[in-house]
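Below, each chain spelled out in residue letters.
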Amino acid sequence: MNQGSRPGRGNQRPQGSGSGNGRGRGATGAGRSNQNPRSSNPRSGSESGSESSTGSWSKAHGGPKQGKKAGAPGKKKYTGPQAFGKERFGKNLGPVNAERTKPTQRAQAAAAHSDLEGVRLQKVMANAGVASRRVCEEMIAGGRVEVNGVLITEPGIRIDPERDTVHVDGMRLQLNADMKYFVFNKPRNVVSTMEDPEGRKCISDFIRKQGQSRLFHVGRLDYQTEGLLILTNDGEAANRLAHPSYEVPKTYLVQVRGPLPSGIGAQMKKGIKLEDGWQSVDSFRLIDSTPGYVLVEVILHSGRNRIVRRLFEEVGFPVTRLVRVQVGPIRLGDQKQGTIRPLGNQEVGHLLAMVGM
């Protein structure tokens, strides 16, 4: 069971906590990045930071900026108009740097020959919301588009949107309009299931308000934990995102009673032995400290049951509030608790690329 995330704008902040800043991201490859997938936070991941560097809680997890800048070492830099540049969400996720499953010879052959009965590639891209048809033609000519894993530079090629896969700047285009992806900001005292035999409030109570059809929840948050849950009807994506082999990083804000002795962060990064084995965090960073309370950001890729709470209990600091603010490239931002929002196409593309799709 996964742990929790932070509330959005208008939600009550953890008692006794001040302001803080933190962000994390990771691209796992194949979903694994060429970089160390466990070092998903672009920052140092140090145990503590100065007040001037922490900023505010809302700025840390509500702003649009995220991850490393485009063009960073190891990243392929694409020039020209940005794909899905007019979208509201996910506009600053940066370039995708994730390995994908190598296409089969049949898929490569299909990409190399134009399908006379298919749809022109630039039209498929435009219909998917990438950009105007003319800009899509420029993207194809600029070597930014792949069909079935094969680089395409001829705008006139025709494809079958129901059979072929298309990537733009490394992002997978979801050409199946029936596939839906959402972010749910789970409040406290909500069960991470679609039905609860005890009659407690669960995810389906919020989905019905949105008029959504049956969805899968990717992982879980325990009853008391708040924050980000991904909901989708894409079973393959849901399975991959929850599978430990893809090591999808998750970012949490953790409130405990302070003060917190030095060395706790180093101990957690080195590893702590729990009843079900050793567990470590990828990053541990002090966000804020006020009399009686400490706010910490941790990043880890484990999906073990109540793992964040158990780690802090093991070192003698039980969690008083736990909020998950990020899963992979998807951030909670200023989304209000109890609400569901659709992912932008760019967010979907980065999420699918992270798990090798």
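Read on for an overview of the structure. (Residues numbered from 1 in each chain as written. Predicted model: local features only at pLDDT ≥ 70, side-chain atom pairs only at ≥ 80, totals over all residues. Heavy atoms only, no water.)

1. Comments concerning the overall build of the protein
Condition: Going along the chain from the N terminus, every DSSP run of H or I of four or more residues is numbered as a helix, and every run of E of two or more is numbered as a strand. Exposure categories follow from relative accessible area, calculated using a 1.4 Å probe and restricted to protein chains: below 20% of the type maximum is buried, above 50% is exposed, and the middle band is partly exposed. Contacts: residue pairs with any heavy atoms within 4.5 Å of one another.
Along its length, the protein carries ten helices and 17 strands. The 357 residues of the protein split such that 52% are buried. Within the protein, counting contacts between residues at least 6 apart in sequence, those at least 24 apart form 75% of the total.

2. Observations concerning helix α5 (residues 133–141)
Defined as follows: This arc is taken over the directions from the axis of the helix to the C-beta atoms.
When α5 is considered as a whole, its buried residues turn out to be Val-135, Cys-136, Met-139 and Ile-140. Looking straight down α5, one finds that the buried residues subtend no more than 145 degrees of arc, so they occupy a single side. In α5, those exposed residues whose orientation departs by more than 90 degrees from the buried face are Arg-134 and Ala-141. Contacts made by the buried residues of α5 are with α4 (121–127), β2 (145–147), β3 (150–152) and β5 (166–168). Gly-143 lies just past α5 and shows a positive phi near 75 degrees.

3. Re the pattern of salt bridges
Under the convention used in this document: By definition, a salt bridge exists where a carboxyl oxygen of Asp or Glu is found within 4 Å of a side-chain nitrogen of Lys or Arg.
In this structure the tally under the stated criterion is 15 salt bridges. Arg-144 is the salt-bridge partner of Asp-169, the closest N and O atoms lying 2.7 Å from each other. With Asp-169 in the loop between β5 and β6 (171–172) and Arg-144 in the loop between α5 and β2, this pair connects stretches of sequence that are 25 residues apart. Arg-144 sits in the buried class, given a relative accessible area of 7%. The structure contains a network of salt bridges with shared partners spanning Glu-275, Asp-276, Arg-304 and Arg-310.

4. Here's the deal with the packing of aromatic side chains
Let me state the cut-off plainly: Pairing of aromatic side chains here covers Phe, Tyr and the six-membered ring of Trp, requires ring centres within 6.5 Å, and sorts the geometry by plane angle: under 30 degrees stacked, over 60 edge-to-face, intermediate tilted. For a lysine, the NZ atom is tested; for an arginine, the CZ atom; a charge sits over a ring if that atom is within 6 Å of the ring centre and within 35 degrees of the ring normal.
A full pass over the atoms with the stated rule returns two aromatic pairs. Measuring from centroid to centroid gives 5.0 Å for Phe-184 and Phe-206, while their planes differ by 45 degrees, and the two rings are tilted. You can see Phe-184 sitting in strand β7 (residues 181–186) and its partner Phe-206 sitting in helix α6 (residues 203–210), a full 22 residues away along the chain. Judged by its relative accessible area of 8%, Phe-206 is buried. Here the basic side chain of Arg-200 rests over the ring of Tyr-223, its NZ or CZ set 5.0 Å away from the ring centre.

5. Let's talk about the pairing of β7
Heads up, the rule is: Pairing between two strands requires that DSSP report at least two bridges joining them.
Buried residues dominate β7, accounting for six of its six residues. Pairing of β7 with strand β9 (residues 226–232), which is carried by six bridges, proceeds in the antiparallel orientation. By the bridge assignment, Lys-186 is partnered in β9 with Gly-227. Across three bridges, β7 lies against strand β17 (residues 340–342) in antiparallel orientation. Looking across to β17, one finds that Phe-182 is bridged to Pro-342.

6. Details of helix α9 (residues 307–314)
Turn by turn, an α-helix covers 3.6 residues, leaving residues three or four places apart pointing in a common direction. For α9, the tally of buried residues reaches six of eight residues, placing the bulk of the element in the interior. Along α9, the residues that are buried comprise Ile-307, Val-308, Arg-309, Arg-310, Leu-311 and Phe-312. After α9 finishes, the residue Gly-316 shows a positive phi value of roughly 90 degrees.

7. Some remarks on the pairing of strand β13 (residues 283–290)
As paired elements, β13 and strand β14 (residues 293–300) share seven bridges and run antiparallel to each other. Along β14, the bridge assignment pairs Phe-284 with Val-298. Counting the residues between successive antiparallel strands, the hairpin from β13 to β14 contains two residues, one of them, Gly-292, with a positive phi of roughly 95 degrees.

8. So, the sheet that holds β3
Pairing is antiparallel across the open sheet formed by four strands, whose spatial order is β3-β2-β5-β6. Unpaired on one side and paired on the other, β3 and β6 mark the two borders of the sheet. Relative to β5, β2 is paired through three bridges, and the arrangement is antiparallel. Directly across from Val-147, in β5, lies its bridge partner Val-166.

9. Comments concerning empty space enclosed by the protein
How we decide: A pocket here means an open set of points on a 1 Å grid, computed over the protein atoms alone, that has protein on both sides within 12 Å along at least five of seven lines. A cavity is instead a set of points where a 1.4 Å probe fits but cannot get out; residues with an atom within 4 Å of a point line either one. Grid points are joined across faces, edges and corners, and a volume is the space filled by probe spheres set on the points. Three classes are used: nonpolar for Ala, Val, Leu, Ile, Met, Phe, Trp, Tyr, Cys and Pro, charged for Asp, Glu, Lys and Arg, and polar for all others, with Gly counted as polar.
Summed over all chains, the structure comprises three cavities of 30 Å³ or more. In this structure, the second largest cavity occupies an estimated 40 Å³ of space. Around the second largest cavity, the lining residues are Phe-84, Ala-128, Arg-172, Leu-173, Gln-174 and Asn-345. Its residues assigned to classes, the lining of the second largest cavity shows three nonpolar, two polar and one charged.

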